[in-house]
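# Breakdown of the fold
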Amino acid sequence: MYRVPAAATARAATLGGWAWGCGRRGAHQRAGLPPLGHGWVGGLGLGLGLALGVKLAGGLRGAAPAPPPAAPDPEASPQAEPPRQPEQSLAPWSPQTPAPPLSKRFARAIKSSRDLLHRIKDEVGAPGIVVGVSVDGKEVWSEGLGYADVENRVPCKPETVMRIASISKSLTMVALAKLWEAGKLDLDIPVQHYVPEFPEKEYEGEKVSVTTRLLISHLSGIRHYEKDMKKVKEEKAYKALKMMKETMEFDQEKQLKEKGGKSNENNDFVKAKAEQDNEAKGRNSKPGKKKNDFEQGELYLKEKFENSIESLRLFKNDPLFFKPGSQFLYSTFGYTLLAAIVERASGCKYLDYMQKIFHDLDMLTTVQEENEPVIYNRARFYVYNKNRRLVNTPYVDNSYKWAGGGFLSTVGDLLKFGNAMLYGYQVGLFKNSNENLLPGYLKPETMVMIWTPVPNTEMSWDKEGKYAMAWGVVEKKQTYGSCRRQRHYASHTGGAVGASSVLLVLPEELDEDATNNKVPPRGIVVSIICNMQSVGLNSTALKIALEFDKDRSD
């Protein structure tokens, strides 16, 4: 039993007597009743003091080992979540990150985006997903849904570290760009100038050159995980025919609309017959089923490679699938070769050079994935087996493809990276109105080059776009008045064993007048990471970016 100190009891008695005298006794005298004796008042004061002492003791007993607050259930529906209080300030030492004041302005966008992410998460059965959004360079929302570790019931949070997969390619591009700006790297000479260990290549008996520029945009002809050249070529040919047919049909419809005439019954019959013939040819020419990336053995390599040069032996002696520059063939191995080029051009180990870049960009939680080190807040990664049961992914070693898909990061670091790229892209537009602006990490002309679509390329996660230099880019376009308007944006998605990701940058549409009294970066950056493979996230990120852009405009 807790003992109450005598001083506390005496003070309570004094306070009790004062309150009683000023309250009840004063009222008694004001009512014109006979005065009360001092002994009576003192007795009542002592009684009240003892009562307060008992109250204090009871409070102390109840306060003793309070159970810790229950962790929030990440699976709870959005309606069940208590609303955030962004205006509540936190102590400087608090591990929590206070929501920026701007979050009030974007409350509608946050609510709708959270609901969208819950839907996506439930639809694909992802254990956990983390999102981050910045507006004009300021982070306005970051949140985790579900679990980073299902077995130990560790919820996702903004600090959760996950595989970012092919967003690593965009990081590697910064290293190449810095070397190019410094005059240490020529993008258009054969790669053997830097990496003689990579043999010279021929295609159909003709000697051909593989350059750094072609490697960056996946035009080198170097294979991806699929080793069967015949399957790859059949699939490419089938896609080309299908696209050609769709283009021809679109052009025919457009011509008919422009003429304003109607086809007669005979023309309709001929057209229908031609469509049937084309469909039959398409069925006959359709290629055999090709394995997806997650069925390829090389994706699950467990061997540790000491450096990028050593990793080349996986593919350096394989034939080119296409003549360099002629066709797009997405290749992570091409970026393994680019890592070797970075090493030779910089005179540093690839990872050392990348860590310097991460330090400059303030990306303090971004590291290469290694299994031995303890990495705080690292998530576990999951997949569904043939019985649709959630299981841990097998052990993999990504040292052979750090440059193309081997880094770990957080949504916060990815937002910093996206904003650094956006700043460099826009700072040239603001120089006339604000001469005091700091230079971008990359020069404006470099960023324009990086975000300019390259001919003969594809953007698999958005067919409206093209691949540029380690980014997919969709250009601004509007075909009809008061109809769909396509916004200009740049993004890269990622898919790894047990992980999916996206980083999307939606620049503000600026003109010379719009730059007055503003500073870059201007636009929305969205990053999403997930500990489940084969989750398409680009369209989700674009919807979220447009939601925030709408609130920003309002």
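What you see is a predicted model; the values in this text were computed from it and never measured.

### Description of the overall build of the protein chain
What the protein chain contains, in helices and strands, is 15 helices and 17 strands. Relative to its 554 residues, the protein chain shows a buried fraction of 45%. Sequence-distant contacts in the protein chain: of pairs separated by 6 or more residues, those separated by 24 or more amount to 72%. Taken as a whole, the protein chain presents about 29,900 Å² of accessible surface, with 54% of it coming from carbon and sulfur.

### Concerning the nonpolar core
One finds Leu337, Trp451, Ile528 and Phe548 to be the most contacted residues of the largest nonpolar core, which totals 125 residues. A per-element tally of this core places helix H10 (residues 332–346) first, with nine residues. Filtering out sequence-adjacent residues up to four positions away, Trp451 remains in contact with Met421, Leu422, Tyr425, Ala468, Trp471, Val473, Ala490 and Val505.

### Brief notes about the packing of aromatic side chains
According to the stated counting rule, one finds 14 aromatic pairs in the structure shown. On the basis of an interplanar angle of 25° and a centroid distance of 5.0 Å, the ring pair of Phe315 and Phe333 is categorised as stacked. Taken together, the residues span a long stretch of sequence, with Phe315 in the loop between helix H9 (308–311) and H10 and Phe333 in helix H10 at a distance of 18 residues. Accessibility expressed as a relative area gives 1% for Phe333, which makes it buried. Taking the centre distance of 5.8 Å and the plane angle of 50° together, the rings of Phe328 and Tyr467 count as tilted.

### Topic: the sheet that holds strand E4 (residues 162–163)
Strand order across the open sheet formed by three strands is E4-E10-E7, with antiparallel pairing between neighbours. Of all the strands in the sheet, just E4 and strand E7 (367–368) have a single pairing partner and so form its edges. As defined by bridge partners, E7 adjoins strand E10 (residues 407–409) across two bridges and the pair is classed as antiparallel. Bridge pairing in E10 places Gln368 opposite Phe407.

### Some words on the packing of helix H5 (residues 167–181) against H10
Packed helices, taken two at a time, are described by the angle between their axes plus the distance between the axes. Running from N to C, H5 and H10 point in directions that differ by 30°, and their axes come no closer than 10 Å. Of the two elements, H5 crosses H10, and the hand of that crossing is left-handed. Where H5 abuts H10, its residues Lys169, Thr172, Ala175, Leu176 and Leu179 lie against Thr332, Tyr335, Leu338, Val342, Ala345 and Ser346.

### Some words on the confidence of the model for the protein chain
Low pLDDT marks regions whose predicted coordinates should not be analysed in detail. Averaged over every residue, the pLDDT of the protein chain is 81; residues scoring 70 or more account for 71%. For the stretch residues 1–96, pLDDT sits under 50, and the model shows 57 contacts to residues farther than four places along the chain or on other chains. Here residues 261–266 is a poorly scored stretch, pLDDT under 50, and it has three contacts once near neighbours within four places are set aside; other chains count.

### Let's talk about helix H15 (residues 538–553)
Over its 16 residues, H15 extends 22 Å from the first C-alpha to the last, a length consistent with the 22 Å expected when each residue adds 1.5 Å. Among the residues of H15, Asn538, Thr540, Ala541, Leu542, Ile544, Ala545, Phe548, Asp549, Asp551 and Arg552 are the ones counted as buried.

### Re the pairing of strand E15 (residues 489–496)
Among the eight residues that make up E15, seven are buried, leaving the element largely enclosed by the rest of the structure. Where strand E12 (residues 472–474) meets E15, three bridges bridge the pair, whose relative direction is antiparallel. The partner of Gly472 across the bridge, within E15, is Ser491. The turn joining E15 and strand E16 (residues 499–507), which pair antiparallel and follow one another in sequence, is formed by two residues; a positive phi near 75° is taken by Gly498.

### Considerations on the packing of H5 against helix H11 (residues 350–360)
Running from amino to carboxyl end, H5 crosses H11 at an angle of 90°, the nearest separation of the two axes being 10 Å. One element, H5, and the other, H11, form an angle in the roughly perpendicular class. Judged by residue contacts, Leu171, Thr172, Val174, Ala175, Lys178 and Leu179 of H5 engage Tyr350, Tyr353, Met354, Ile357 and Phe358 from H11. Per-class residue counts for the contact of H5 with H11 are nine nonpolar, one polar and one charged.

### A short note on unusual backbone geometry
That bond from Pro520 to Pro521 is cis: its omega, 0°, falls within 30 degrees of zero. Its location among the elements puts Pro521 in the loop between E16 and strand E17 (523–530). Of note, Asp136 is a non-glycine position whose phi angle comes to about 55°, a positive value. Its place among the elements puts Asp136 in the loop between strand E1 (128–135) and strand E2 (138–149). Despite not being glycine, His218 shows a phi value in the positive range, around 60°.

### Re the side chain of Ser217
Turning to its location among the elements, Ser217 is positioned in the loop between helix H6 (212–216) and helix H7 (229–259). Classification of Ser217 as buried rests on a relative accessible area of 2%. Look past the residues within four positions of Ser217 in its chain and what remains in contact with it is Phe328, Val454, Thr457, Tyr467, Ala468 and Met469.

### Digging into helix H13 (residues 411–430)
With 20 residues, H13 ought to run about 28 Å at 1.5 Å a step, and its terminal C-alpha atoms sit 28 Å apart, in line with that. The buried count for H13 comes to 16 of 20 residues, which makes it a mostly enclosed element.

About the cut-offs
- Residues numbered from 1 in each chain as written.
- Predicted model: local features only at pLDDT ≥ 70, side-chain atom pairs only at ≥ 80, totals over all residues.
- Heavy atoms only, no water.
- Helix = DSSP H or I, 4+ residues; strand = E, 2+ residues; numbered from the N terminus.
- Buried < 20%, exposed > 50% of the residue type's maximum accessible area, 1.4 Å probe, protein only.
- Contact = heavy atoms within 4.5 Å.
- Areas by Shrake-Rupley, 256 points an atom, 1.4 Å probe, with all protein chains shown as cover.
- Core = buried A, V, L, I, M, F, W, Y, C linked by side-chain atoms within 4.5 Å.
- Phe/Tyr/Trp six-rings, centres within 6.5 Å; stacked < 30°, edge-to-face > 60°.
- Pairing = 2+ DSSP bridges.
- Axes fitted to C-alpha atoms, helices over the stretch in contact; angles between N-to-C directions.
- Left-handed = near helix turned anticlockwise from the far one by under 90°.
- pLDDT = per-residue confidence, 0-100.
- Expected span 1.5 Å × (residues − 1).
- Parallel < 35°, antiparallel > 145°, perpendicular 65-115°, else oblique.
- Nonpolar A, V, L, I, M, F, W, Y, C, P; charged D, E, K, R; others polar.

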